[in-house]
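What follows is each chain in one-letter form.
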Number of protein chains: 2
Amino acid sequence: MTDAVDDVLEAVAERVEPDADERAALERAVDDLLERTTEAVEAVDLDVDVMHVGSTARDTWLSGDRDIDVFVRFPPSTDREVLRERGLAIGRAVLPDGEATFAEHPYITGTYDGFDVDVVPCLRVEAASEARTAVDRTPFHTAYVREHLAEHLAHDVRLAKGFLTAVGSYGSDLRTRGFGGYLLELLVLDHGGFRPLLEAAADWQPPVQYDLEEHATTDFDDALVVVDPTDPERNVAAVVSRTNVSRLQHHARSFLADPTAAAFEPPTPAPIEADEVLADLERRGTHALAVAFDRPDLLDDQLHPQLRRTEAGLATALEAADFEVVRSAAFATDDRAAVLFETEVATRPAIERHAGPPVHLADHAERFFERYVDDETVYGPFIADDRYVVERDRPYPNARDVLSPEAIDEAAHGQHVGAALEDGYDLLVGEDLVELLPEFGADLGDYFDPSP
Amino acid sequence: MTDAVDDVLEAVAERVEPDADERAALERAVDDLLERTTEAVEAVDLDVDVMHVGSTARDTWLSGDRDIDVFVRFPPSTDREVLRERGLAIGRAVLPDGEATFAEHPYITGTYDGFDVDVVPCLRVEAASEARTAVDRTPFHTAYVREHLAEHLAHDVRLAKGFLTAVGSYGSDLRTRGFGGYLLELLVLDHGGFRPLLEAAADWQPPVQYDLEEHATTDFDDALVVVDPTDPERNVAAVVSRTNVSRLQHHARSFLADPTAAAFEPPTPAPIEADEVLADLERRGTHALAVAFDRPDLLDDQLHPQLRRTEAGLATALEAADFEVVRSAAFATDDRAAVLFETEVATRPAIERHAGPPVHLADHAERFFERYVDDETVYGPFIADDRYVVERDRPYPNARDVLSPEAIDEAAHGQHVGAALEDGYDLLVGEDLVELLPEFGADLGDYFDPSP
């Protein structure tokens, strides 16, 4: 017997399941690419093999996905420089119009027959735990999923991916910090389906740990732990933010209580307009400050952690100057980046209370007293309870001065973001926030209409 | 051999020591008063005796002091109502123009021959520890000091009183919460002089305990403990505020390091002018709020603890509404009273962050979510880390509203001060603070030029 949840899951099948034409097109492209890669490899006098990896290799790809990952595996003893040079050469032979990309590891990315293709050199290490870089692990993941994931569960993985996409928590990239494909494959596998996964997630009492191979050798700190079946020391869910764990819990409950196909539709936010931004600022009564600057030349996975570091560093600096941050955010487009803060107030008094040592600690107390007794700029020293106190000039009576070039330079930053800020930035205060439009209209729309 | 400290102490002797004429006048007045009281007592058919108590009885009075205390001691079994009635009748007979005063205990206060005289009925209890009210203890204190304080130490007690007067910490009244006469007598007695007391105070490492009779039976919590030689369970210094302990330490060090006769001169503060108040507020950049009202009909010793309770209660209310208090004060004249606050800011945003339960606590979390999901007045619910969060209307975005009649009524108050505020008050905000002038000019002068 089926119920409303099952009915909806069946109804959304069409959205997530590739149809026969899509499958045929993919298979053709993959066959061609593997053949081209094998040919290119033969030109290299090394023991190199070729693997199709990723979700298209695992049959867990979503209808509409256009990603094909071809991995070229070199012997584990291969010199780093050789790997790089030969690997890129093979990639260029496969994708003559491709471009070299340098993340943790260089590879060639391009298109073939309408698909987005990566040709990635890696090391054919003995075990995932011996991986030098993340890409060395990927073939093990693909092999594990291929071996263990029954065909009917591939469909459930697609449902999981579709659901998390709609929630906005799909992807292990460092912007999203959500649930990646491999993680969802393991969760669906362990629960025997998407619906049992949802039911379990609704009831999670973090920390929650999954260990399909029952081989964990490490204590993990994360709220959600899924021990990598191919590497006992790795938590596949380590990248998932605490917020994304909670969001899955919320949306799982919400869907189970009121199952609708709409839960699988990603929201399509309308960019916010200037008058709405101004109305929100007026309504909220907060003090808005944004630092907007040219995006440094970084990949998303490098940029976003750095942006968050700068966001946290500047929030800390604002709070240290007694400008409590109501909320903050960081945004980036291809060209520009911005960190946004709403502080409780725009100004603090010119003075701040500065308590000295207890009066009975004679040496310290006398030094404190002598330092200030003839200082005309302070009020006091006077005595409150057991201590000397002065009211002295506050270093930053205005929030905006905490974001001055000199002060911003003192804060903690992501390295390249810090360097970009040294090159210059726009400080937008209060109503000037609208200058972030239209570039960051969708981001600001989310910001001023936050949802789970 | 004497040093600079001794030289100064000798030089100030004249200021504190009553001269022969003063002594003669006092003795005359005391003799007359005791005679008049004894006569009045004879009209009463009870076993009542008469005692001269206080500093004039102990020969520790300061030149210029005009206080004579005559105690009329009734048998310990005397009924409360009888004590009151007969006691006041005797007082009225001694001081026909005197007035009845009702503190813990009723008595007659008036003037005689230029002296301020109190005629106080009390119970002749067996021991100070059996005192029903504070006045029952006084005869024991007088007897103890008369018995133990050598004549040369009376002079040192006078120096101590003169010094603490100049510091502003002389008096066990509940406005000052300083060092009373009996306390200073005991401290001088224990140290064998004023200078050794100063030297000890400079080095105090609170908690400090003195116990002349080595008979303490209780653990005391106070920073300064002087066990009453006439009652092992009582700390004579219990009333001394922590600030006044520290002030004595500061001024003792300061005088020993740089002995000057000026240390015995009470400051004569010039009342602050309106333009100076405005300049200070501008300079400080704080937000001033004062609640000014008619003084309730209370003695100083009743009023000041209540004023402090109201000051603390309103400060707590302001801080609870996120208006951090930089400094506060409470003032009273014979007619008016005021509590003053300087807050860091005048306004907070219209909204405040309100974090709900962790999302994984399903029952609580769902209730929180349902409460707010359709509430158009809040931002959210959204998820931050493990919790639901909304930004909802802040109850008091303006500091002044925390001092509105409705809000002020919710705060903790001294009883009669709370009642007085219900009858009405003036709320003075920002520059309106000058309306406290000229009445509280000296208090505000101290406030804006605080010293140890």
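In the block above lies the structure referred to throughout.
Remember, predicted model here, so these are calculated numbers, not experimental data.

Caption draft 1: Quick look at the overall build of chain A. Check the secondary structure of chain A and you find 15 helices and 15 strands. For chain A, the spread of C-alpha atoms along the principal axes amounts to about 85 × 60 × 45 Å. Long-range contacts, defined as pairs at least 24 residues apart, comprise 66% of the intrachain contacts of chain A with a sequence gap of at least 6. In the structure as shown, chain A presents an accessible area of about 20500 Å², 45% of it carried by carbon and sulfur atoms.

Caption draft 2: Expanded view of the relation of the copies chain B and chain A. Mapping chain B onto chain A calls for a rotation angle of 180° and an axial translation of 0.1 Å; the resulting RMSD is 0.2 Å. Classification of the inter-copy transformation places it as that of a two-fold axis. Within chain B, the C-alpha atom positioned nearest to the axis of rotation is that of Val345 of chain B, 3.9 Å from it. A shared interface surface links the copies, since 100% of the contact residues of chain B are contact residues in chain A too.

Caption draft 3: Up close: the pattern of salt bridges. Per the stated rule, a full pass over the model turns up 60 salt bridges over all chains. With a closest N to O distance of 3.8 Å, Arg124 of chain A and Asp49 of chain A form a salt bridge. Of this pair, Arg124 of chain A sits in the loop between strand 5 (115–123) and helix 5 (134–148) while Asp49 of chain A is found in strand 1 (residues 49–53), placing the two residues 75 residues apart along the sequence. Residue Asp49 of chain A is classed as partly exposed on the basis of its relative accessible area, which comes to 25%. Arg394 of chain A serves as the salt-bridge partner of Glu344 of chain B, at 3.1 Å between the closest nitrogen and oxygen.

Caption draft 4: Examining the packing of helix 7 (residues 181–191) of chain B against helix 8 (residues 194–203) of chain B more closely. Residues and elements named next belong to chain B. It is the contact of helix 7 with helix 8, at a shortest axis distance of 8 Å, that shows an interaxial angle of 95°. Here helix 8 runs roughly perpendicular to helix 7, going by the angle between their axes. Listed contacts from helix 8 to Leu187, Val188 and His191 of helix 7 are Phe194, Pro196, Leu197 and Ala200. Among the residues making up the contact of helix 7 with helix 8, the classes are represented as 6 nonpolar, 1 polar and no charged.

Caption draft 5: Local environment of the sheet that holds strand 8 (residues 231–235) of chain B. All names here are of chain B. The 3 strands lie next to each other as 6-7-8, forming an open sheet whose pairing is mixed. In the strand order of this sheet, the two ends are held by strand 6 (208–210) and strand 8, each with one partner. Averaged over all pairs of adjacent strands, the angle between their axes in this sheet comes to 25°, without regard to strand direction. Bridge count for strand 7 (residues 224–228) against strand 8 is 2 bridges, and the pairing is antiparallel. Residue pairing across strands places Asp228 opposite Asp231, the latter belonging to strand 8.

Caption draft 6: Just the nonpolar core, in detail. Counting residues in hydrophobic clusters, the biggest one holds 54 residues, and the most contacted among them are Val291 and Phe293 of chain A together with Phe293 of chain B. Not counting residues within four places of it along the chain, the set of residues in contact with Val291 of chain A comprises Leu314, Ala337, Ala338, Val339, Leu403, Ile408, Leu421, Tyr425, Asp426 and Leu427 of chain A.

Caption draft 7: Up close: the packing of aromatic side chains. One pass over the structure, following the stated rule, counts 22 aromatic pairs over all chains. Judged by centre distance (5.8 Å) and plane angle (35°), the ring pair of Phe331 of chain A and Phe440 of chain A falls under tilted. With Phe331 of chain A in strand 10 (residues 325–332) and Phe440 of chain A in the loop between strand 15 (426–429) and helix 15 (441–448), this residue pair connects regions lying 109 residues apart in the sequence. An identical accessibility class is assigned to Phe331 of chain A and Phe440 of chain A; each is buried. Clustering of aromatic rings is evident, with ring pairs tying together Phe163, Phe194, Phe255 and Phe264 of chain A. The ring centre of Phe382 of chain B lies 4.7 Å from the NZ or CZ of Arg327 of chain A, which sits over that ring.

Caption draft 8: Layout of helix 7 of chain B. Residue and element names in this part refer to chain B. Taking burial as the measure, the 11 residues of helix 7 include 9 buried ones, the bulk of the element. Within helix 7, the full set of buried residues consists of Gly181, Tyr182, Leu183, Leu184, Glu185, Leu186, Leu187, Val188 and Leu189. Among the residues trailing helix 7, Gly192 stands out with phi positive, at a value near 75°.

Caption draft 9: Up close: the interface of chain B and chain A. Each partner contributes to the interface: chain B provides 50 residues, whereas chain A provides 50 residues. Buried surface at the junction of chain B and chain A, both sides included, amounts to about 4200 Å², of which 50% is carbon and sulfur. On the chain B side of the contact with chain A, Arg283, His360 and Tyr379 of chain B bury the most area, a combined 16% of that side's loss. Linking chain B with chain A are 14 salt bridges, by the criterion used here.

Caption draft 10: Structural view of unusual backbone geometry. Pro207 of chain A follows Pro206 of chain A through a cis peptide bond whose omega is 0°. By the element assignment, Pro207 of chain A lies in the loop between helix 8 (194–203) and strand 6 (208–210). Here Arg177 of chain B, not a glycine, exhibits a phi torsion of approximately 50°, which is positive. Take Arg177 of chain B: it is sitting in the loop between helix 6 (151–167) and helix 7. Accessibility expressed as a relative area gives 30% for Arg177 of chain B, which makes it partly exposed.

Thresholds, definitions, all that
- Residues numbered from 1 in each chain as written.
- Chains lettered and ligands numbered in written order.
- Predicted model: local features only at pLDDT ≥ 70, side-chain atom pairs only at ≥ 80, totals over all residues.
- Heavy atoms only, no water.
- Helix = DSSP H or I, 4+ residues; strand = E, 2+ residues; numbered from the N terminus.
- Contact = heavy atoms within 4.5 Å.
- Areas by Shrake-Rupley, 256 points an atom, 1.4 Å probe, with all protein chains shown as cover.
- Least-squares fit on C-alpha atoms with pLDDT ≥ 70 in both.
- Salt bridge = Lys/Arg side-chain N within 4 Å of Asp/Glu carboxyl O.
- Buried < 20%, exposed > 50% of the residue type's maximum accessible area, 1.4 Å probe, protein only.
- Axes fitted to C-alpha atoms, helices over the stretch in contact; angles between N-to-C directions.
- Parallel < 35°, antiparallel > 145°, perpendicular 65-115°, else oblique.
- Nonpolar A, V, L, I, M, F, W, Y, C, P; charged D, E, K, R; others polar.
- Pairing = 2+ DSSP bridges.
- Core = buried A, V, L, I, M, F, W, Y, C linked by side-chain atoms within 4.5 Å.
- Phe/Tyr/Trp six-rings, centres within 6.5 Å; stacked < 30°, edge-to-face > 60°.
- Lys NZ or Arg CZ within 6 Å of the ring centre and 35° of its normal.
- Buried area = accessible area lost by both parts, 1.4 Å probe.

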